[in-house]
Amino acid sequence: MCLGIPGRITAITDASRLMAMADVSGVRREVNIACVAEGALEDLVGRWALIHVGFAMSLIDEEEAAKTLEALRDLGEAQEALEAMAEGSKALEERA
């Protein structure tokens, strides 16, 4: 099963590679925004997107993001996915 978790795009980190920083329930992760890039990339900052394996797959509104996060928490899947993302981010930081 593929799981997309809502995350808020907080900054464009590399416009030439279509990369941005996203905050997913307090976990910051760099994601590829090619699937949602339309118009000025800066317009994506503050927007919510469904994040899956490092890609922002589609834009959603804040209400939909909140409902999705609540449903995932209820199912217990969000915590598991967030822990995996945090471990991945930690491993990347240790390499730097």
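Nothing here was measured: the structure is a model prediction, and the numbers come from that model.

A. Layout of unusual backbone geometry. The backbone phi angle of Ser25 is positive, close to 50 degrees, even though this residue is not glycine. With respect to the helices and strands, the residue Ser25 is situated in the loop between β2 (19–24) and β3 (27–32).

B. Summary view of the side chain of Asn32. Relative to the helices and strands, Asn32 resides in strand β3. A distance of 2.8 Å separates a polar side-chain atom of Asn32 from the backbone nitrogen of Ala34. Residues contacting Asn32, with those up to four places away along its chain left out, are Arg17, Leu18, Met19, Gly54, Phe55 and Ala56.

C. Quick look at the pairing of β2. Taken across its six residues, β2 has five buried, putting it largely inside the fold. As defined by bridge partners, strand β1 (residues 5–14) adjoins β2 across five bridges and the pair is classed as antiparallel. Within the sheet, the bridge partner assigned to Ala11 lies in β2 and is Met21. Between β2 and β3, which pair antiparallel in sequence order, lie two residues; one of them, Ser25, sits at a positive phi of approximately 50 degrees.

Calculation criteria
- Residues numbered from 1 in each chain as written.
- Predicted model: local features only at pLDDT ≥ 70, side-chain atom pairs only at ≥ 80, totals over all residues.
- Heavy atoms only, no water.
- Helix = DSSP H or I, 4+ residues; strand = E, 2+ residues; numbered from the N terminus.
- Polar contact = N/O pair within 3.5 Å; in protein donor to acceptor, adjacent residues only side chain to side chain.
- Contact = heavy atoms within 4.5 Å.
- Buried < 20%, exposed > 50% of the residue type's maximum accessible area, 1.4 Å probe, protein only.
- Pairing = 2+ DSSP bridges.

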